[in-house]
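Observations on the three-dimensional arrangement
The residues making up each chain are set out below.
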Amino acid sequence: DRLLVRDPCCPKSASGRPFQGSGGPWPYNSSFFNIFNYDHGCLNTHRDRGILTVVYGVEGQDICLGNAGSVSSDEGRGNPHKTPLVPTRLWLRTTDEWGPRRWFAPPSGSLLLWAGEELRLPGVEAIEHCVRVDPDGQYVEHSHSTPDPSAPKQGNRRSVALVLDA
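The following paragraphs examine the structure supplied in this document. (Residues numbered from 1 in each chain as written. Predicted model: local features only at pLDDT ≥ 70, side-chain atom pairs only at ≥ 80, totals over all residues. Heavy atoms only, no water.)

Points about the sheet that holds strand β3 (residues 52-58)
- Strand order in the open sheet formed by four strands is β1-β10-β3-β8, and the pairing between neighbours is antiparallel. Looking at strand neighbours, the two that pair on one side only are β1 (32-37) and β8 (111-115), the edges of this open sheet. Averaged over all adjacent pairs, the angle separating strand axes in this sheet is 15°, with direction ignored.
- Direction of pairing for β1 relative to strand β10 (residues 158-164): antiparallel, over a ladder of six bridges. Among the inter-strand pairings, phenylalanine 32 is bridged to a residue of β10, identified as valine 163. (Pairing = 2+ DSSP bridges. Helix = DSSP H or I, 4+ residues; strand = E, 2+ residues; numbered from the N terminus. Axes fitted to C-alpha atoms, helices over the stretch in contact; angles between N-to-C directions.)

Structure, rendered in structure tokens:
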């Protein structure tokens, strides 16, 4: 009549419903998928609490302040010198053979996988990251709904992310 699919994470459930059944919730029920346009917010420096994060994103283009809609997010006025504003981008803080942690901006269009705090493997650290114009910029309150004050109003990073969380 009906094929029951066993849940690989909870094999005793055999309910045919991989996210339901006896034995408690699915082990990854805190995971989430995010689609974000950073014209409408930013991401302060942090480490993900989950196990793994998968991210794909494209960076915005430099925008000249003389164009419509290209005024700094917090000021609402033009720049008489027409200095281009730099859009937000993804920054990762990494350690390498040349020294202590430094910020690195991966190329636009990269598919990335990094560890979260719950991975807990010897020698693997959770990756500190942010989406800002300047990774060392001042903390932004309510960053998910507050654009980076140094960013243009349009043309910032767009990304998708899956955070696998136990």
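On we go.
Quick word on unusual backbone geometry
- In this model, arginine 120 sits at a positive phi of 50°, which is unusual for a non-glycine residue.
- Examined against the element boundaries, arginine 120 turns out to sit in the loop between β8 and β9 (128-132).
- The class for arginine 120 is exposed, based on a relative accessible area of 63%.
- Despite not being glycine, histidine 142 shows a phi value in the positive range, around 50°.
- Mapping histidine 142 onto the fold places it in the loop between β9 and β10. (Buried < 20%, exposed > 50% of the residue type's maximum accessible area, 1.4 Å probe, protein only.)

Remarks on the layout of surface pockets
- The computed volume of the largest pocket comes to approximately 500 Å³.
- What lines the largest pocket is a set of 27 residues, and nearest its centre among them are Phe32, Leu43, His46, Asp48 and His129.
- Among the elements of the structure, β1, β2 (43-47), β3, β9 and β10 are those that each provide at least two residues to the lining of the largest pocket.
- When residues in the lining of the largest pocket are grouped by element, the largest group, five residues, is from β2.
- A breakdown of the residues in the lining of the largest pocket according to their chemical character gives 11 nonpolar, 11 polar and five charged. (1 Å grid on protein atoms, 1.4 Å probe; cavity = no way out; pocket = protein on both sides within 12 Å on 5 of 7 lines; lining within 4 Å. Points joined across faces, edges and corners; volume = space filled by probe spheres on them. Nonpolar A, V, L, I, M, F, W, Y, C, P; charged D, E, K, R; others polar.)

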